[in-house]
Amino acid sequence: MCRPEWDKRNDMVVHEDMPFNAESPRAALADQPITPIAAFYARNHGPIPSLDPVTWRLHIEGMVERPLALSLDDLQRDFESSEVTATLQCAGNRRAGLIEVRHIPGQPWGAGAISTAAWRGVRLGDVLGAAGLSDGAAHIAFEGPDVAEEARPPQAFGASVDRCKALAPETLLAWEMNGVALPRVHGGPVRVVVPGYIGARSVKWVERIIAQGEPSDNYFQAVAYRLHSGADPAEALSGGGEALGPVALSADILHPDDGDHLPPGPTAISGYALAPDGEDIDEVTVSIDGGRTWMVADLGDPPSRWSWWPWRMVVDLPAGETEILARARDATGRCQPERAREIWNPHGYVNNSWARVRVTAGPR
Ligand SMILES: Nc1nc2c(c(=O)[nH]1)N[C@H]1C(S)=C(S)[C@@H](COP(=O)(O)O)O[C@H]1N2
Ligand SMILES: [Mo]
């Protein structure tokens, strides 16, 4: 099916048309550090607004000395522009693997709710500086205009990050993606980009930024996008748990794809690894014998500190069915959990268990 309205590839896996939710096929993400916009996943909790970049205003409010209302022109003229290449990963990426363990309501995202782009805009910290951030403003909240019916009660999408991340130089108010004006589906005219954090904190179509003493009470900060150690779905709907911030250490195989048929023999395998909040990846290891033996993959340079790290290696694929496993370790010594069942949680977030792709080698 063609998606001309959002300029996406025909082979995107569309979970929902309204609101528009689509993930990238593995092949579209493989072997390129920057994801073309046509292949970049889209995650929306409400209808995609159509904002006029000329009349759009960004309000900076709350615990600031000088509340501001800025136009796109103001942002582009009065602040130094800055570009950061960053990977966005939805906290629901690979939820399908958690659903296999036990049912979870919500979209069954596979491996493709992750993509990388070059974002250009201004540093959020510079704009907060111009407004005169008060000492007590420990959290910076963001609000978009898109009303999510799934929220209780229905409300516009919002989120917050703590002061430290808001003021960090990588955190942007972006109006450009891969060198072109930020497309509407990705938050144009202006979105927040919080590199190294779950995608939900990068609020699209941002209209209000509020400096405050506490985290946002928006549904998507206070109830959803929280990690629960307990498995009780009722508890998960009433808040509790811990708000997700930095992405978890993860790795996946992007080539070959799950279910591929390949000739036996030497086979190139490639994928990515991603560490929390700009941490370095130390090593990626791959197994084709169920985890008995592991081979060290060739780790490439990430396009930036805030991006996924590409890795590749050649394995000798035996005839028949093989499960390829991959896992990463980061520079702080973190490792990934082996199985999805160890980390099942009622909202279905952060499936960072070892990557698993099943392929068949030999004649069909
Ligand atoms: N205003 C608004 N911002 C939003 C969302 C949303 O629904 N509304 N979805 C969030 C989530 S959950 C993710 S993962 C990212 C996805 O960004 P993308 O659609 O550009 O890939 O946007 C975030 N920002
Ligand atoms: Mo997300």
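Up top is the structure these notes are about.
Residues numbered from 1 in each chain as written. Chains lettered and ligands numbered in written order. Predicted model: local features only at pLDDT ≥ 70, side-chain atom pairs only at ≥ 80, totals over all residues. Heavy atoms only, no water.

Hey, could you run me through the overall build of the protein in this one?
Looking only at helices and strands, the protein has seven helices and 23 strands in total. Relative to the compact-globule value of 21 Å for 364 residues, the protein shows a C-alpha radius of gyration of 21 Å, a close match. Dimensions along the principal axes, computed over C-alpha positions, put the protein at roughly 65 × 45 × 45 Å. For the protein, buried positions account for 55% of its 364 residues. By sequence separation, contacts in the protein at least 24 residues apart represent 71% of the contacts at least 6 residues apart. Once the 33 positive and 49 negative side-chain charges of the protein are each reduced to a mean point, those two points are 2 Å apart. (Helix = DSSP H or I, 4+ residues; strand = E, 2+ residues; numbered from the N terminus. Rg over C-alpha atoms; globule rule 2.2 N^0.38 Å. Buried < 20%, exposed > 50% of the residue type's maximum accessible area, 1.4 Å probe, protein only. Contact = heavy atoms within 4.5 Å. Lys, Arg positive; Asp, Glu negative; His and termini not counted. Charge placed at Lys NZ, Arg CZ, Asp CG, Glu CD.)

Honestly, the pattern of salt bridges in this entry has me stumped. Any pointers?
Oppositely charged side chains can form a pair if their charged atoms are brought close together. For the structure shown, the criterion picks out 19 salt bridges. Glu61 serves as the salt-bridge partner of Arg208, at 2.4 Å between the closest nitrogen and oxygen. With Arg208 in strand 12 (residues 208–212) and Glu61 in strand 3 (residues 58–62), the pair connects residues that are 147 residues apart, well separated along the chain. For Arg208, a relative accessible area of 30% translates into the label partly exposed. The closest approach of N and O atoms between Glu283 and Arg329, which form a salt bridge, is 3.7 Å. A residue pair is termed long-range when its members are at least 10 positions apart, and Glu283 in strand 18 (residues 281–287) and Arg329 in strand 22 (residues 320–330) qualify at 46 residues. Three or more residues joined by partner-sharing salt bridges are found here, namely Arg26, Asp252 and Asp257. (Salt bridge = Lys/Arg side-chain N within 4 Å of Asp/Glu carboxyl O.)

Please explain the site of ligand 1 as it appears in this structure.
Near ligand 1 you find 19 residues, and of these Tyr41, Asp146, His186, Arg191 and Lys204 are the closest. Note that an oxygen atom of ligand 1 is positioned 2.8 Å from one of the backbone N or O atoms of His45. For ligand 1, whose free accessible area comes to 530 Å², the fraction covered by protein is 100%. Residue composition of the shell around ligand 1, grouped by class: 10 nonpolar, five polar and four charged. (Near = heavy atom within 4 Å. Polar contact = N/O pair within 3.5 Å; in protein donor to acceptor, adjacent residues only side chain to side chain. Areas by Shrake-Rupley, 256 points an atom, 1.4 Å probe, with all protein chains shown as cover. Nonpolar A, V, L, I, M, F, W, Y, C, P; charged D, E, K, R; others polar.)

Teacher, can you tell me more about the sheet that holds strand 20 (residues 298–299) here?
Strand-to-strand pairing in sheets goes through backbone hydrogen bonds, with the strands running parallel or antiparallel. Spatially, 15-17-21-20 is the arrangement adopted by the four strands of the open sheet, whose pairing is antiparallel. The open sheet has two edge strands, strand 15 (250–255) and strand 20, and neither has a second partner. For strand 20 and strand 21 (residues 309–317), the ladder comprises two bridges, and the chain directions are antiparallel. Note that in strand 21 the partner of Asp298 across the bridge is Arg312. (Pairing = 2+ DSSP bridges.)

I tried to follow the nonpolar core on my own but got confused; where do I start?
Soluble globular proteins: nonpolar side chains tend toward being buried together. Core analysis: the biggest nonpolar cluster contains 69 residues, and Ile60, Leu75, Trp119, Phe142, Leu173, Ile209 and Tyr225 have the highest contact counts within it. The biggest single contributor to this core is strand 9 (residues 172–177), with five residues. Discounting residues that sit within four places of it in the chain, Phe142 has contacts with Leu124, Phe157, Gly158, Ala159, Val161, Val192, Val194, Arg201, Val203, Val206, Arg208 and Ile209. Ranked by size, the runner-up nonpolar core spans 23 residues in total, among them Ile269, Val284, Ala355 and Val357. (Core = buried A, V, L, I, M, F, W, Y, C linked by side-chain atoms within 4.5 Å.)

What is the right way to look at the packing of aromatic side chains in this model?
For any two aromatic rings, the description comes down to two numbers: the centre-to-centre distance and the angle of the planes. Counted according to the given criterion, the structure contains nine aromatic pairs. Lying across the ring of Trp294, Arg327 places its NZ or CZ 3.6 Å from the centre. (Phe/Tyr/Trp six-rings, centres within 6.5 Å; stacked < 30°, edge-to-face > 60°. Lys NZ or Arg CZ within 6 Å of the ring centre and 35° of its normal.)

Could you clarify how one ought to interpret the pairing of strand 17 (residues 265–274) in this entry?
Looking along a regular strand, one sees the side chains alternate between the two faces of the sheet. Counting buried positions over the 10 residues of strand 17 gives eight, a clear majority of the element. With five bridges connecting them, strand 15 and strand 17 associate as antiparallel partners. When the sheet's bridge partners are listed, His255 is paired in strand 17 with Ser270. Here strand 17 pairs with strand 21 via nine bridges, running antiparallel. Bridge pairing in strand 21 links Tyr272 to Pro310.

Explain the sheet that holds strand 18 to me, please; I cannot follow it from the model alone.
Taking strand neighbours across the sheet as the criterion, the five strands line up as 16-23-22-18-19 in an open arrangement whose pairing is mixed. Lying at the two open borders of the sheet, with one neighbouring strand each, are strand 16 (261–262) and strand 19 (295–296). Here strand 16 pairs with strand 23 (residues 355–361) via two bridges, running parallel. Bridge pairing links His261 to Thr360 in strand 23.

Please explain helix 4 (residues 124–131) as it appears in this structure.
Since one α-helical turn is 3.6 residues long, residues separated by three or four positions face the same way. Where helix 4 is concerned, the buried positions are Leu124, Gly125, Val127, Leu128 and Ala131. For helix 4, the arc enclosing every buried residue in end-on projection is 160°, short of the 170-degree limit, so these residues lie on one face. Two residues or fewer past helix 4, Gly132 is found with a positive phi of approximately 75°. (Arc of directions from axis to C-beta.)

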